[in-house]
Amino acid sequence: MASFIVFEGGDGSGKSTQARNLMQRLRRRGSGAVLTHEPGGTPLGEALRRVLKSGPAMSPLSELFLFEAARAQLVDTLIRPALAEGRTVIADRYVASTVAYQAYGRELDRNLVDRLNREATGGLMPDLTVLLDLSVDTSLSRIQGASNDNFDQAPREFHRRVREGYMAQAEANPDKWLVLDGTRAKRDLGRQIWEKVQPLLQQRG
Ligand code: TYD
């Protein structure tokens, strides 16, 4: 079974850049790794992404179900088949986003979020989750003016809770999480991520 590596972080954390960077490193080494993102990554997921990001206002529970619907489709049609073929999968966001944003950020019941995460993924968990951590101030200043979607307009307190949600997950499972300071230079971050990922690839092919 190949490795499954997830990038997480608040808005503006630079996680997508690092996910692409890792993908390029793997490709240069001849790996058939796959890069995907949430919400999205499948035709259904991309349609749900448009609704989530710029559709009509929705209740937190509706939002949770749409994220999980997109995830169920992604795991079933892309992530599991790729891992079964021995390909490393890199995902820009996964279940930890829903714990951080919907359980902590939107204050939905954590047990419900955990349950739906398990159902949507069939229990498939990453080998490593890389968190690019940023203070709320830095995060807000980075996204200011960059975009205007439903999430980027959330109040400061929401972003503070999201960060807390990420930290709680990383602390509960330190062997499977790598927490990095998102203000560090991109090259340093890339190097640290590569150091952590390389042994996983050797172990698991
Ligand atoms: P996106 O444009 O992909 O942002 P980013 O580049 O920060 O990943 O928008 C995804 C938004 O959806 C982002 O604000 C986080 C949010 N989100 C959730 O609230 N719950 C989830 O389960 C996922 C996957 C994303």
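Described in the following lines is the structure provided in the data block. The structure presented is a predicted model; accordingly, all values stated were derived computationally and were not measured.

Rules used in this analysis
Residues numbered from 1 in each chain as written. Predicted model: local features only at pLDDT ≥ 70, side-chain atom pairs only at ≥ 80, totals over all residues. Heavy atoms only, no water. Near = heavy atom within 4 Å. Polar contact = N/O pair within 3.5 Å; in protein donor to acceptor, adjacent residues only side chain to side chain. Areas by Shrake-Rupley, 256 points an atom, 1.4 Å probe, with all protein chains shown as cover. Helix = DSSP H or I, 4+ residues; strand = E, 2+ residues; numbered from the N terminus. Buried < 20%, exposed > 50% of the residue type's maximum accessible area, 1.4 Å probe, protein only. Contact = heavy atoms within 4.5 Å. Axes fitted to C-alpha atoms, helices over the stretch in contact; angles between N-to-C directions. Parallel < 35°, antiparallel > 145°, perpendicular 65-115°, else oblique. Left-handed = near helix turned anticlockwise from the far one by under 90°. Nonpolar A, V, L, I, M, F, W, Y, C, P; charged D, E, K, R; others polar. Pairing = 2+ DSSP bridges. Salt bridge = Lys/Arg side-chain N within 4 Å of Asp/Glu carboxyl O.

### Digging into the site of the ligand
Thought 1: The immediate surroundings of the ligand are formed by 14 residues, with Lys-15, Lys-53, Arg-93, Thr-98 and Gln-102 found nearest.
Thought 2: Contacts to the ligand include Arg-71, whose side-chain N or O atom sits 3.3 Å from an oxygen atom.
Thought 3: Within the side chain of Thr-98, an N or O atom sits 2.6 Å from an oxygen atom of the ligand.
Thought 4: Here the ligand has 550 Å² of accessible area as a free molecule, and 88% of this is covered by the chains.
Thought 5: Among the secondary structure elements, those contributing two or more residues to the shell around the ligand are helix H2 (43-54), helix H3 (60-84) and helix H4 (95-105).
Thought 6: With four residues, H4 is the single largest residue contributor to the shell around the ligand.

### A closer look at the environment of Leu-180
Thought 1: Note that Leu-180 resides in strand E5 (residues 177-181).
Thought 2: Among the residues examined, Leu-180 registers a relative accessible area of 4% and is labelled buried.
Thought 3: It is 7.5 Å that separates the C-alpha atoms of Leu-180 and Val-130, two residues lying 50 residues apart in sequence.
Thought 4: If sequence neighbours within four positions are ignored, Leu-180 has contacts with Val-130, Leu-131, Leu-132, Asp-133, Leu-189, Gln-192 and Ile-193.

### Things to note about the packing of H2 against H3
When two helices pack together, their arrangement is captured by the angle between the axes and the distance separating the axes.
Thought 1: Close contact between H2 and H3 brings their axes to 9 Å; oriented N to C, the two are set at 160 degrees. Our classification of the angle between H2 and H3 gives roughly antiparallel. The hand of the H2/H3 crossing is left-handed. On H3, the residues that touch Leu-44, Gly-45, Leu-48, Val-51 and Leu-52 of H2 are Glu-63, Leu-66, Phe-67, Ala-69, Ala-70 and Gln-73.
Thought 2: In terms of residue class, the contact of H2 with H3 is made up of eight nonpolar, two polar and one charged.

### Topic: the pairing of strand E1 (residues 4-9)
Thought 1: Counting buried positions over the six residues of E1 gives six, a clear majority of the element.
Thought 2: Residues Phe-4, Val-6 and Glu-8 line one face of E1 and the alternating positions Ile-5, Phe-7 and Gly-9 line the opposite face, and both faces are buried.
Thought 3: Taken together, the four bridges between E1 and strand E3 (residues 89-92) define a ladder with parallel strand orientation. Residue pairing for E3: Phe-4 is matched across the bridge by Val-89.
Thought 4: Pairing of E1 with strand E4 (residues 128-133), which is carried by five bridges, proceeds in the parallel orientation. If you follow Val-6 over to E4, its bridge partner there is Thr-129.

### Focus: the pattern of salt bridges
Thought 1: Scanning the entire structure with this criterion turns up 16 salt bridges.
Thought 2: Here Arg-71 makes a salt bridge to Glu-68, at a shortest N to O gap of 3.2 Å. Of this pair, Arg-71 and Glu-68 both sit in helix H3, three residues apart, roughly one helical turn. Taken individually, Arg-71 and Glu-68 each receive the classification buried, so the pair is uniform in this respect.
Thought 3: Its salt-bridge partner being Glu-107, residue Arg-161 comes within 3.8 Å of it at the nearest N-O pair. With Arg-161 in helix H7 (residues 156-172) and Glu-107 in the loop between H4 and helix H5 (110-121), the pair connects residues that are 54 residues apart, well separated along the chain.
Thought 4: Linked by salt bridges that have partners in common, Glu-107, Glu-157, Arg-160, Arg-161 and Glu-164 make up one network.

Interpretation note: all reported values are geometric properties and have no functional meaning in isolation.
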